[in-house]
Amino acid sequence: MKKGQLFIVSGPSGAGKGSICQKLVKELDVELSVSMTTRAPRPGEIEGVDYYFVTRDEFEESIEKGDLLEFAEVYGNYYGTPKQKVLDKLANGKDVVLEIDIQGALEVRNEYPQGIYIFILPPSMTELRKRITRRGSDSPDSIELRLGETLTEVSYIDQYNYCVVNGDLEEAVIRVKAIILAEHSRVSEQIYGLIKNYKEEV
Ligand code: 5GP
């Protein structure tokens, strides 16, 4: 059976990767991996849909057991990708999208270099500042910390296959969808089966 492809959508906090991924799962036949986190649920977030919410002890146990494809500590909380679920979906031919931070993406890349790595950029630092401020969940100090962190994070962009600037959400979604469709149009082993059928038909 044809294996699914792994798409890693990553970028600085506030670049809008979450909004892009929510639209992707509605518009394409791809599955979003549900991460594990130690942060508290926000109002409206559902266990097993938005995240698996766990304690630090439970998270550290998963690390020790080798259950995570990657994990990172992001602004004081652990976040990680349950490994087996992702591998099972890929083995069953499903495309999987990981929406994760940059540390996590670089970790996945070591283990799964055949993934497609997409970096989501904000259109400017001024716009990023506005978005983080609008979210209302960060103190002024924390906003400055995130902006400083962004400058470090963008220096890893050459580790990625694609980048998409998210100025307009609809346009960014069109571009990420185009990347996914293009990756499915690559000349690959699978296409030889189809060509073999052509020969048999003639
Ligand atoms: P939030 O708390 O706003 O949901 O997410 C904070 C950050 O953690 C975001 O940048 C998000 O992409 C990232 N994140 C979410 N899940 C994972 C994960 O499983 N692994 C890593 N490395 N980062 C994650």
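See the structure above.
Residues numbered from 1 in each chain as written. Predicted model: local features only at pLDDT ≥ 70, side-chain atom pairs only at ≥ 80, totals over all residues. Heavy atoms only, no water.

(A) Just the pattern of salt bridges, in detail. Applying the stated criterion across every chain yields a total of 16 salt bridges. Through salt bridges that share partners, Glu61, Lys65 and Asp67 make up one connected network. (Salt bridge = Lys/Arg side-chain N within 4 Å of Asp/Glu carboxyl O.)

(B) Here's a closer look at the pairing of strand E1 (residues 6-10). When you tally the buried positions in E1, you get five out of five residues, the bulk of the element. Residues Leu6, Ile8 and Ser10 point to one face of E1 and Phe7 and Val9 to the other, with burial holding for every one of them. Judged from the five bridges that link them, E1 and strand E7 (residues 95-100) form a sheet pairing that is parallel. Bridge pairing in E7 links Val9 to Glu99. Strand direction decides the pairing type here: E1 and strand E8 (residues 116-121), joined by four bridges, are parallel. Its bridge partner being in E8, Ile8 is matched across the sheet by Tyr117. (Buried < 20%, exposed > 50% of the residue type's maximum accessible area, 1.4 Å probe, protein only. Helix = DSSP H or I, 4+ residues; strand = E, 2+ residues; numbered from the N terminus. Pairing = 2+ DSSP bridges.)

(C) Representation of the site of the ligand in the model. Around the ligand sit 15 residues in total, of which Ser35, Arg39, Tyr51, Tyr79 and Asp101 are the nearest. Contact between the ligand and Gly80: an oxygen atom at 3.1 Å from a main-chain N or O atom of the residue. Counting residues per element, the ones that place at least two in the shell around the ligand are strand E5 (68-74), strand E6 (77-82) and E7. Residues that form the shell around the ligand fall into these classes: five nonpolar, four polar and six charged. (Near = heavy atom within 4 Å. Polar contact = N/O pair within 3.5 Å; in protein donor to acceptor, adjacent residues only side chain to side chain. Nonpolar A, V, L, I, M, F, W, Y, C, P; charged D, E, K, R; others polar.)

(D) Region of the structure containing the sheet that holds E7. On the basis of which strands lie adjacent, the open sheet formed by five strands has the order E2-E7-E1-E8-E9 and parallel pairing. The sheet is open, and its two edges are formed by strand E2 (30-32) and strand E9 (162-165), each paired on a single side. Ignoring which end each strand starts from, the neighbouring axes of this sheet average 25° apart. (Axes fitted to C-alpha atoms, helices over the stretch in contact; angles between N-to-C directions.)

(E) Local environment of the sheet that holds E5. The sheet built from four strands is open, its strands ordered E4-E3-E6-E5 with mixed pairing. Since the sheet does not close on itself, it has two edges, and those belong to strand E4 (51-53) and E5, each with one partner. In this sheet, neighbouring strand axes are inclined to one another by 25° on average, regardless of whether the strands run parallel or antiparallel. Pairing analysis gives three bridges linking strand E3 (residues 35-37) to E4, with the strands arranged parallel. Paired with Met36 across the strands is Tyr52, a residue of E4. Along the sheet, helix H3 (residues 83-91) makes contact with E4, E5 and E6, crossing E6 at roughly 30°. (Contact = heavy atoms within 4.5 Å.)

(F) Representation of the pairing of E7 within the structure. Counting buried positions along E7 yields five of six residues, so the element is predominantly enclosed. One ladder, built from three bridges, connects E2 with E7; its direction is parallel. Across the sheet, Leu32 pairs through a bridge with Val97, a residue of E7.

(G) Local environment of the packing of helix H1 (residues 17-27) against helix H7 (residues 169-183). Put simply, H1 and H7 touch, their axes get as near as 10 Å, and they point 55° apart. With respect to their mutual orientation, H1 and H7 come out oblique. The two elements H1 and H7 meet at a crossing, and its hand is right-handed. Here Ser19, Ile20, Lys23, Leu24 and Glu27 of H1 lie close against H7, whose contacting residues are Leu169, Glu170, Ala172, Val173, Val176, Lys177 and Ile180. Of the residues belonging to the contact of H1 with H7, the class tally is seven nonpolar, one polar and four charged. (Parallel < 35°, antiparallel > 145°, perpendicular 65-115°, else oblique. Left-handed = near helix turned anticlockwise from the far one by under 90°.)

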